[in-house]
Amino acid sequence: MKKLWGGRFTKSAEAWVDEFSASISFDQLLVEEDIEGSLAHVKMLGHCGILPQDEVEQIIQGLEKLRMKAKNNELTFSVQYEDIHLNIEKMLIDEIGPVGGKLHTGRSRNDQVATDMHLYLRKEVKDILQLIREFQKVLIEKAENHIETILPGYTHLQRAQPISFAHHLLAYFWMLERDYERFHESLKRINLSPLGAGALAGTTFPIDRHYSAQLLGFEGIYENSLDAVSDRDFILEFLSHASILMMHLSRFSEEIILWSSSEFQFIELDDAFATGSSMMPQKKNPDMAELIRGKTGRVYGHLIGLLTVLKGLPLTYNKDLQEDKEGMFDTVTTIKGSLKIFAKMVETMTVRKEVMEKTTKEDFSNATELADYLVTKGMPFRQAHEVVGKLVLYCIQEGKYLLDLPLSVYKEASDLFAEDIYEVLKPRTVVARRNSAGGTGFEQVRKQLEKARKVLE
Ligand code: ARG
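This one's a predicted model, so the numbers in the text were calculated from it and none came from an experiment.

Enquirer: Give me the lowdown on the side chain of Gln444, citing residues and values where you can.
Expert: Summarising the element assignment, Gln444 is placed in helix 19 (residues 442–456). Not counting residues up to four positions away in its chain, the partners in contact with Gln444 are Arg434, Asn435, Ser436, Ala437, Gly438 and Gly439.

Enquirer: Explain the packing of aromatic side chains to me, using residue names and the numbers behind them.
Expert: Inspection of the entire model under this criterion finds 14 aromatic pairs. A connected cluster of aromatic rings, assembled from ring pairs, spans Phe135, Tyr172, Phe252 and Phe342.

Enquirer: Any chance you could break down the pairing of strand 2 (residues 158–164) for me, citing the residues and the numbers?
Expert: Alignment of strand 1 (residues 150–155) against strand 2, held across six bridges, turns out to be antiparallel. Across the sheet, Gly153 pairs through a bridge with Gln161, a residue of strand 2. If you look at the hairpin formed by strand 1 and strand 2, you'll find two residues sitting between the two strands, and His156 has a positive phi there, around 55°.

Enquirer: With reference to specific residues and values, describe the site of the ligand.
Expert: Taken together, Ser23, Asp27, Asp83, His85, Arg109, Asn110, Val113, Tyr317, Gln322 and Lys325 are the residues near the ligand. Between a nitrogen atom of the ligand and a side-chain N or O atom of Asn110, the distance comes to 3.0 Å. Across the complex, the protein chains shield 86% of the 340 Å² of accessible surface that the ligand would expose by itself. Of all the elements, helix 6 (residues 109–144) adds the most residues to the shell around the ligand, at three residues.

Enquirer: Quick one: what's the story with a nonpolar patch on the surface, residue by residue and with numbers?
Expert: Taken together, the side chains of Leu4, Trp5 and Phe9 define a hydrophobic patch exposed on the protein surface, amounting to about 280 Å² of accessible area. By the secondary structure assignment, Leu4 is in the segment before helix 1 (15–21).

Enquirer: Give a detailed account of helix 14 (residues 367–376), specifying residues and quantitative values.
Expert: Side chains that are three or four residues apart share a direction in an α-helix, a result of its 3.6 residues per turn. Along helix 14, the positions that sit buried rather than exposed are Ala367, Glu369, Leu370, Ala371, Tyr373 and Leu374. Contacts from the buried residues of helix 14 go to helix 15 (381–398), helix 16 (407–413), helix 17 (421–424) and helix 18 (427–432).

Enquirer: With reference to specific residues and values, describe the nonpolar core.
Expert: Core analysis: the biggest nonpolar cluster contains 79 residues, and Phe135, Phe183, Phe238, Phe252 and Ile256 have the highest contact counts within it. Of all the elements in the fold, those that place two or more residues in this core are helix 6, strand 1, helix 7 (165–190), helix 9 (225–230), helix 10 (233–259), helix 11 (287–311), helix 12 (325–348) and helix 19. Among the elements that make up this core, the one with the highest residue count is helix 6 (14 residues). Residues contacting Phe238, with those up to four places away along its chain left out, are Leu121, Val125, Ile128, Phe183, Met328, Thr331, Val332 and Ile335.

Conventions used here
Every chain is numbered on its own, with residues counted from 1 as its sequence reads. Totals for whole chains, interfaces and linings use all residues, but because this is a predicted model, local features are given only for residues with pLDDT of at least 70 and pairs of side-chain atoms are given and counted only at 80 or more. With hydrogens and water set aside, each side-chain value is computed from the structure's full complement of heavy atoms. Strands here are runs of E lasting at least two residues and helices are runs of H or I lasting at least four, both read from the DSSP assignment and numbered beginning at the N terminus. Contacts are assigned to residue pairs with any non-hydrogen atoms lying within 4.5 Å of each other. The aromatic pairing rule takes the rings of Phe, Tyr and Trp, using the six-membered ring of Trp, and pairs them if the centres are within 6.5 Å, calling planes under 30 degrees apart stacked, those over 60 edge-to-face and the rest tilted. A strand pair is defined by DSSP finding two or more bridges across the two strands. Proximity is defined per residue: any heavy atom of the residue falling within 4 Å of a molecule or strand makes that residue near it. Here a polar contact is recorded for every N or O atom pair within 3.5 Å, except that within protein the pair must consist of a potential hydrogen donor and a potential acceptor, and residues adjacent in sequence are included only if both atoms are side-chain atoms. The Shrake-Rupley method, run with a 1.4 Å probe sphere, supplies the accessible areas, and residue values consider only the shown protein chains as cover. For patch detection, residues must exceed 30% relative accessible area and be free of salt bridges, and they are connected within 9 Å for like charges or within 5 Å for nonpolar side chains (Val, Leu, Ile, Met, Phe, Trp, Tyr). A pair is scored as a salt bridge if a Lys or Arg side-chain nitrogen falls within 4 Å of a carboxyl oxygen belonging to Asp or Glu. A 1.4 Å probe rolled over the protein chains alone gives each residue an accessible area, and that area as a share of the maximum for its type sets the label: buried under 20%, exposed over 50%, partly exposed in between. By convention a nonpolar core is built from buried Ala, Val, Leu, Ile, Met, Phe, Trp, Tyr and Cys residues, the set being connected through side-chain atoms within 4.5 Å.

Right, here's the structure in full:
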């Protein structure tokens, strides 16, 4: 089978070798971007008088026809033509004759493939931004219904201090907000045109890179042709932002998994977002959350994979760079899927308020309150810590909680204690009084919700 570059060769590769080097099995995902890039390129060739207008028209019509076919899934790609670029060029020549061979004037697959990837990521990042926003909306709505729902807050996975459930949900809102900002900020580097860099050094034809960049909606062009064809930082950034996003989703998954266990029973997942066991009839498993936690691994893998591919590459294009695609495609699918599932999972889960609140009464997460109480009455904090620590120990030995102890026991520990400690010790009071900025106090949470809503406006 003669290749498009067959002129210099005396012998063809065997089919299985072609198969190894081909990327068409996965880069056909770039078909629309490839055609879009070609359309801009050929229009630029016409605009600059490099190709006559009638030939430009023929090529445009041929490409438009291929674009229609691509939309209707009517193109058949062949491994003989290695990648999406050569497949499309071959189809164009079949469609309109040898004039189709003029499309590649002043262009290389090296600037072409980079252009395709910039266009692809621009589109996908915009979708991802939208999905993040939708998830944030779900979190806000859920939080609005649970400002006064209280549960234990944890450190070291040990009950620490009671908090508002809305406060907990909003912590994820702000994580997602940073994810949003990172992806959004990266668009300015994604939205740059490498087209016209040629194979590496530019071209002798009087092209206008700004013209094609403008047609493609790019904000500017790469200033250096070597950089244009060999830069994959924009994909690395994407993978690293995706890794951080997945890390957030994975932490949240872990909480969903814990909360839905019989030990916690804080939430119940909707049946549509849980699965049963083939053997144990009683089981309801949080598979979606587990899968998202698990898929975090593959996204990290793609980041490390590409960093490793790039680390030893001399300028400029090397075939190694073909390895940039599958991890990127898989990451896009993974994070879009995870965001969609997560939003629905949270939206439909049942929050078991009573269990959450009951739990706050069965622990010592109000102990700090008691220490602070003594401090407001003049005792140094260190001493107060000691007094309360002894009371907690006494409770543990007696099988009681702080609210169960009679005032006489308190008085014995310190005569600063008075009847009002019983109000202070109530979990609800404990939450309400944490009114410092960004704290879990109900008033603060309402303010926070207001700010979160503003972000989404
Ligand atoms: N399929 C190649 C890739 O994905 C396209 C660029 C090929 N360029 C080359 N000089 N072999 O990277």
